[in-house]
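Commentary on secondary and tertiary structure
For reference, the chains in residue letters:
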Amino acid sequence: MKPINVGLLGIGTVGSGTWTVLTRNAEEITRRAGHPIRITAVADRNTERARTIVGDAARVTADAFELVRDPDIDIIVELIGGYGIARELVLAAIENGKHVVTANKALLAVHGKEIFAAAQAKGVTVAFEAAVAGGIPIIKALREGLSANRIQWVAGIINGTTNFILTEMRDKGLSFADVLKEAQALGYAEADPTFDIEGIDAAHKITIMSAIAFGIPVQFDKAYIEGITKLDAVDIKYAERLGYRIKLLGIARRREQGVELRVHPTLIPTRRLIANVEGAMNAVLVQGDAVGATLYYGKGAGAEPTASAVIADLVDVARLHSAPVENRVPHLAFQADQLVDLPILPIEEVQSAYYLRMRVEDKTGVLADITRILADGKISIDAMLQREPGDGESQTDIILLTHTAIEGQVNKAIQSIENLKTIVGKVTRIRLEDLN
Ligand code: HSE
């Protein structure tokens, strides 16, 4: 059994988790892979920390390019992150005929086309289970387990930081800003949490899943992205009273005219399992035409959960190391020459139901004016909630849930509603998905 030699780029949280799990479970992993898989070299800027983790069991260097050129290394594991040096290293590894395992969602979502084309040309594999939803084997499920299906949609809670924040906002009735501070103090949120709270991290992940689900190229630049920073705790409360939870969802849906690719806060019926995914956990719901709905749940981040995905990829690559290229599973589930250029629909063409909250003067005819505007826009109302005005109050909140409508039509209706003299301020609009 020829050992498979791995070069590890970056030995931070996930890198050290990978080292630990690969060492701890070496015997079982070898029985599965058919080859011992051993990390023979590690590149990290902090060589001292790297040495304390690996001791004398692997070569340590600060020069990652040394590893991607090393003829004795079969697989490069890239855990550096970002689009800069990581892109150069991955392309150099491919150029040198090495397989690559990466957890880098940003790199694949933005530069996937270039990277997969280079790997295809060179006959090597780029594996990325750890890039989406950490330890949940969702890439494997979409690419292999569900390959009989025409996949209709994928919807996921794929960012643990924002799910933790939304859970705390609901449980404690706190504002976004307060919970963010708490999450940072507890180490759940990064010092610069932009990628998480603005929905960018989730958009990277849903972009990758859309490619595998529908056989389209990765097109992060066309994704619609809205984070949770503007979410008001009052909407979480009203949603709860109407039987819904608000989650940051990544959604990829096939429509006749193209593909919806979007990330935004979304009302989901509380009775759905996915609505009950709490704290930093992740879950992905996939609807296939044959299988129906399937749900995948687990830890979306952390040292060993993410290492679990990295090592599963190492085992896959080790098994197929010497197999002819045509016998390997295609990177994006569909054969490389079979990808189709379905258009990604602009957000105005997306179809969704909506939660609309408006502050109104409590006067006769207000509701009639609002419902007339919605009817003119062919937007049907599904449910309504009106808060009782308090003593001496002349204004109140009206909350409407609509049936599915086209976003452009809803935006026009919102504009007309905001122009009514009896409406105070802006209308709050949050998308709602039944996920049925
Ligand atoms: N920052 C991500 C999250 C984990 O909060 O889920 C890595 O993708």
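This report concerns the structure included in the present document.

From N to C terminus, the chain includes 15 helices and 17 strands. In terms of C-alpha radius of gyration, the chain reaches 24 Å, essentially the compact-globule figure of 22 Å for 436 residues. Overall size of the chain, expressed as C-alpha extent along the three principal axes, is 80 × 45 × 35 Å. A separation of at least 24 residues holds for 73% of the contacts in the chain among residues at least 6 apart in sequence. Surface accessibility of the chain: about 18,700 Å² in total, with carbon and sulfur atoms responsible for 49%. Charge-centre separation for the chain: the mean point of 48 positive side chains lies 2 Å from the mean point of 55 negative side chains.

Its volume calculated, the largest pocket comes out at about 1,200 Å³. Lining the largest pocket are 44 residues, with Lys105, Glu190, Asp196, Asp201 and Ala301 sitting closest to its centre. Of the residues contributing to the lining of the largest pocket, the split by class is 18 nonpolar, 18 polar and eight charged. Structurally, the lining of the largest pocket is a two-domain feature, drawing no fewer than three residues from each of domain 1 (4-135 + 303-338) and domain 2 (138-299). Computed from the structure, the second largest pocket encloses a volume of approximately 360 Å³. Glu226, Lys230, Thr428, Arg429 and Ile430 are, among the 14 residues lining the second largest pocket, the residues nearest its centre. The greatest single-element share of the lining of the second largest pocket, amounting to five residues, is contributed by strand β17 (residues 423-432).

If you look at the biggest cluster of nonpolar residues, it comprises 86 residues, and the most contacted ones within it are Ile138, Leu142 and Ile165. The greatest single-element share of this core, amounting to ten residues, is contributed by helix α11 (residues 200-214). With sequence-adjacent residues up to four places away left out, isoleucine 138 is seen in contact with Glu129, Val132, Ala133, Met209, Val284, Val286 and Tyr296. One finds Ala58, Val77, Ala103 and Leu314 within the second-largest nonpolar core, a separate group that totals 32 residues.

Attention now goes to the site of the ligand. In the region of the ligand, the neighbouring residues are Lys105, Asn159, Gly160, Thr161, Asp196, Asp201, Lys205 and Ala301. Taking lysine 105, its side chain carries an N or O atom lying 2.7 Å from an oxygen atom of the ligand. Contacts to the ligand include aspartate 201, whose side-chain N or O atom sits 3.3 Å from an oxygen atom. Among the cavities detected, the one that contains the ligand is the largest pocket. Those elements giving two or more residues to the shell around the ligand turn out to be α8 (160-172) and α11. Of the residues in the shell around the ligand, the class split is one nonpolar, three polar and four charged.

Next up on the list: unusual backbone geometry. A positive phi is found at alanine 133, a non-glycine position, where the angle reads about 60 degrees. Looking at the secondary structure, you find alanine 133 in the loop between β6 (126-127) and α7 (138-145). The backbone of leucine 435 shows a phi angle near 55 degrees, a positive value even though the residue is not glycine. Judged by its relative accessible area of 9%, leucine 435 falls in the buried class.

In this structure the tally under the stated criterion is 37 salt bridges. Residue lysine 426 pairs with glutamate 418 through a salt bridge whose shortest N-O separation is 3.7 Å. The network of salt bridges with common partners includes Arg170, Asp171, Glu240, Arg245, Lys247 and Glu278.

Take proline 36: it is sitting in the loop between α2 (26-33) and β2 (37-43). Here the alpha-carbon distance between proline 36 and alanine 183, two residues 147 residues apart in the chain, equals 40 Å.

On to the environment of serine 210, then. By the secondary structure assignment, serine 210 is in helix α11. With relative accessibility at 1%, the residue serine 210 sits in the buried group. Considering only alpha carbons, one finds serine 210 and valine 154, 56 residues apart in sequence, at a separation of 7.6 Å.

Conventions used here
- Residues numbered from 1 in each chain as written.
- Predicted model: local features only at pLDDT ≥ 70, side-chain atom pairs only at ≥ 80, totals over all residues.
- Heavy atoms only, no water.
- Helix = DSSP H or I, 4+ residues; strand = E, 2+ residues; numbered from the N terminus.
- Rg over C-alpha atoms; globule rule 2.2 N^0.38 Å.
- Contact = heavy atoms within 4.5 Å.
- Areas by Shrake-Rupley, 256 points an atom, 1.4 Å probe, with all protein chains shown as cover.
- Lys, Arg positive; Asp, Glu negative; His and termini not counted.
- Charge placed at Lys NZ, Arg CZ, Asp CG, Glu CD.
- 1 Å grid on protein atoms, 1.4 Å probe; cavity = no way out; pocket = protein on both sides within 12 Å on 5 of 7 lines; lining within 4 Å.
- Points joined across faces, edges and corners; volume = space filled by probe spheres on them.
- Nonpolar A, V, L, I, M, F, W, Y, C, P; charged D, E, K, R; others polar.
- Domains from an automatic or database assignment.
- Core = buried A, V, L, I, M, F, W, Y, C linked by side-chain atoms within 4.5 Å.
- Buried < 20%, exposed > 50% of the residue type's maximum accessible area, 1.4 Å probe, protein only.
- Near = heavy atom within 4 Å.
- Polar contact = N/O pair within 3.5 Å; in protein donor to acceptor, adjacent residues only side chain to side chain.
- Sits in = over half its atoms within 2 Å of the grid points.
- Salt bridge = Lys/Arg side-chain N within 4 Å of Asp/Glu carboxyl O.

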